[in-house]
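Report on the structure
Residue strings, one per chain:
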Amino acid sequence: MSKKRGGNRKRTSPDTQDTILSDQKKKRSRKQRDQSIPNFVKMEILDNREASSTQQIKEEEIEKEPFKNQKQDTDKIYTPLDIKTEETEEKEQKEEEEEEEPVKRPEDDDKEELTFEVLTNDGKLQTLEYLLQLKNIFSGELPRMPKNYIARLVFDRHHQALMMFKQPRRDLPEHERPKTKKRVIGGITFRPVNAERFIEIAFCAVTSLEQRRGYGRVLMNNLKSYCQQCRWMRFLTYADNFAVTYFEKLGFSKTITMDESRYLGYIKDYTEATVMECMLHPRIDYLHIPVMIEKQREAVFDRMKEVDSSHSIFDAHETRQRILGKILNQMKNSEDSWPFLKPVTLEEAPDYYDVIKNPMDLQTMEEKLKADRYQTIDQFVDDMMLIFKNCRSFNRKSSVYYHCANECEKQFKLFMNRLR
Ligand code: ACO
């Protein structure tokens, strides 16, 4: 003890000096320590203090080794409820929230990112802090589940927790980063059943302010990806009846394909909950599902192109011109179309234009087609039929012209039927 600090005190033996701390100093020192140690660890310390009034805790020792007791008993799992009353816990939690809740502004949203980590209770201060945050989320979001039961599983060393954190984006320059800190916004506590290669999901929740923003989906997909690597290819869970739809959307089914004898007794049974199963596929990249779906869509589209031409977008006008031109050529090449190739001349039939008021022939039709004067296929058909009608009006039934008109008409109808 330095001279200055102990100057006015009665001299005491070094041992006694360690234990006789003034009430005021104890309080101040405890307060400082309390701010840096999670609540449940604080209670562990308080418990020790209460356990033996003669064994006063050395403040410096605690500050140096907050987990001293824990190290001695590595199998003991520390939970908040093992070591403090619920009332104290809530009070302290409230105080913590008031003091430490980061100020989150809406404009910070795109300046923050999600990160994921799988944690187990390894006794480290940071891990315990995060597990406590997750336990608090579960307690708030699953109000029907006893708090002590949640705490027991979250801190149990046979359980793992996939934690979803929100934190300032690491790619932003320091001065642009929001003042918020890395915090847990959701997670899934699960227990692998190694012998049967499945996991049991005990709790899954996203903090209420962040729900319905797609985070629950990202969270589950991260768990799938992690379990794929560990070769735990099946998930079983008792889904809260309110959350069944969420699980269904994430690939869970109420139909359990696993033999009952392989999971009954391994997983806990809950009331007002539905047992659901999800099988993982070894080749699905659960972290890049949208990219995978897009690639799959492209592959299906490519395959369709090979067998079907419906993907091609034709220019309707150009297509019509091309088809009508082709039909006109076929008509011109027909052996019966020779009377209709060109307009009837006065030399051939001096009174023709007295009888036929709307003459038509294949040459005129070709000129009209080139001049883009057929706006519809019907206009083209009408002109062609006019040729045959004029012919039959002007010539006798027994004439070769009349016969040619009938034959050409038959062919033309055949072409048109094929077109339709
Ligand atoms: N009921 C119906 N549909 C839901 C629910 C719900 N309770 N929650 C989410 N969905 C749907 C969403 O509409 C979305 O569908 P869409 O993609 O077609 O639009 C899809 O599920 C994914 O939604 P997200 O926004 O990713 O889900 P969210 O971030 O809200 O997380 C969760 C879902 C974990 C259920 C969250 O709402 C929550 O924490 N709820 C309270 C706690 C809870 O019920 N947990 C599950 C208990 S069961 C257990 O722990 C084993």
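Residues numbered from 1 in each chain as written. Predicted model: local features only at pLDDT ≥ 70, side-chain atom pairs only at ≥ 80, totals over all residues. Heavy atoms only, no water.

A look at the packing of aromatic side chains
- Counted under the stated rule, the structure contains 14 aromatic pairs.
- With a centroid separation of 6.2 Å and 45° between ring planes, the pair formed by Phe235 and Phe252 is classed as tilted. Here Phe252 lies in the loop between helix H12 (244–249) and helix H13 (260–263) and Phe235 lies in strand S5 (residues 234–240), a separation of 17 residues in the sequence. Exposure class is identical for Phe235 and Phe252. Each is buried.
- The rings of Phe235, Tyr246, Phe247 and Phe252 are connected pair by pair, giving a single aromatic cluster.
- Its end group placed over the ring of Phe165, Lys182 keeps NZ or CZ at 4.3 Å from the ring centre. (Phe/Tyr/Trp six-rings, centres within 6.5 Å; stacked < 30°, edge-to-face > 60°. Helix = DSSP H or I, 4+ residues; strand = E, 2+ residues; numbered from the N terminus. Buried < 20%, exposed > 50% of the residue type's maximum accessible area, 1.4 Å probe, protein only. Lys NZ or Arg CZ within 6 Å of the ring centre and 35° of its normal.)

Focus on the site of the ligand
- Taken together, the neighbourhood of the ligand is formed by 24 residues, with Cys204, Val206, Arg212, Gly216 and Arg217 sitting nearest.
- Interatomic distance of 2.8 Å between a backbone N/O atom of Gly216 and an oxygen atom of the ligand.
- Phe242 places a polar main-chain atom, nitrogen or oxygen, 3.1 Å from a nitrogen atom of the ligand.
- Considered on its own, the ligand offers 950 Å² of accessible surface; in the complex 80% of this is hidden by protein. (Near = heavy atom within 4 Å. Polar contact = N/O pair within 3.5 Å; in protein donor to acceptor, adjacent residues only side chain to side chain. Areas by Shrake-Rupley, 256 points an atom, 1.4 Å probe, with all protein chains shown as cover.)

Some thoughts on the packing of helix H15 (residues 316–333) against helix H17 (residues 362–370)
- Their axes nearest at 11 Å, the elements H15 and H17 cross at an angle of 165°. Relative to H17, the element H15 lies roughly antiparallel. Between H15 and H17 lies a crossing whose hand is left-handed. Taken together, the residues of H17 that come into contact with H15 (itself represented by Gln321, Leu324, Gly325, Leu328, Asn329, Met331 and Lys332) are Leu362, Met365, Glu366 and Leu369.
- Counted by class, the contact of H15 with H17 contains 6 nonpolar, 3 polar and 2 charged residues. (Axes fitted to C-alpha atoms, helices over the stretch in contact; angles between N-to-C directions. Parallel < 35°, antiparallel > 145°, perpendicular 65-115°, else oblique. Left-handed = near helix turned anticlockwise from the far one by under 90°. Contact = heavy atoms within 4.5 Å. Nonpolar A, V, L, I, M, F, W, Y, C, P; charged D, E, K, R; others polar.)

A few points about the pairing of strand S2 (residues 160–168)
- Judged by how many residues are buried, S2 sits mostly within the fold: 9 of 9 residues are covered.
- Sheet topology note: the S2/strand S3 (residues 183–193) ladder contains 7 bridges and is antiparallel. What sits directly across from Ala161, in S3, is Thr189. (Pairing = 2+ DSSP bridges.)

Details of the pattern of salt bridges
- Tallied over the full model, the rule gives 20 salt bridges.
- The partner of Glu210 in a salt bridge is Arg213, and the shortest N-O contact between them spans 2.6 Å.
- On the basis of relative accessibility, which here comes to 38%, the residue Arg213 falls in the partly exposed class.
- The structure contains a network of salt bridges with shared partners spanning Arg144, Asp240 and Glu272. (Salt bridge = Lys/Arg side-chain N within 4 Å of Asp/Glu carboxyl O.)

Looking at the sheet that holds strand S6 (residues 273–279)
- With mixed pairing, 6 strands are arranged side by side in an open sheet as S1-S2-S3-S4-S5-S6. One side of each edge strand has no neighbouring strand; the edge strands of this open sheet are strand S1 (112–119) and S6. Taken pair by pair, the neighbouring strands of this sheet meet at an average axis angle of 25°, ignoring direction.
- Strand direction decides the pairing type here: strand S4 (residues 198–206) and S5, joined by 4 bridges, are parallel. Within S5, the residue paired with Phe198 across the bridge is Arg234.
- Helix-sheet contacts for helix H9 (residues 125–141) involve S1, S2, S3 and S4, and the interaxial angle to S3 is about 90°.
- Strands in contact with helix H10 (residues 147–155) are S3 and S4; relative to S4, the strand with the most contacts, it is inclined by about 125°.

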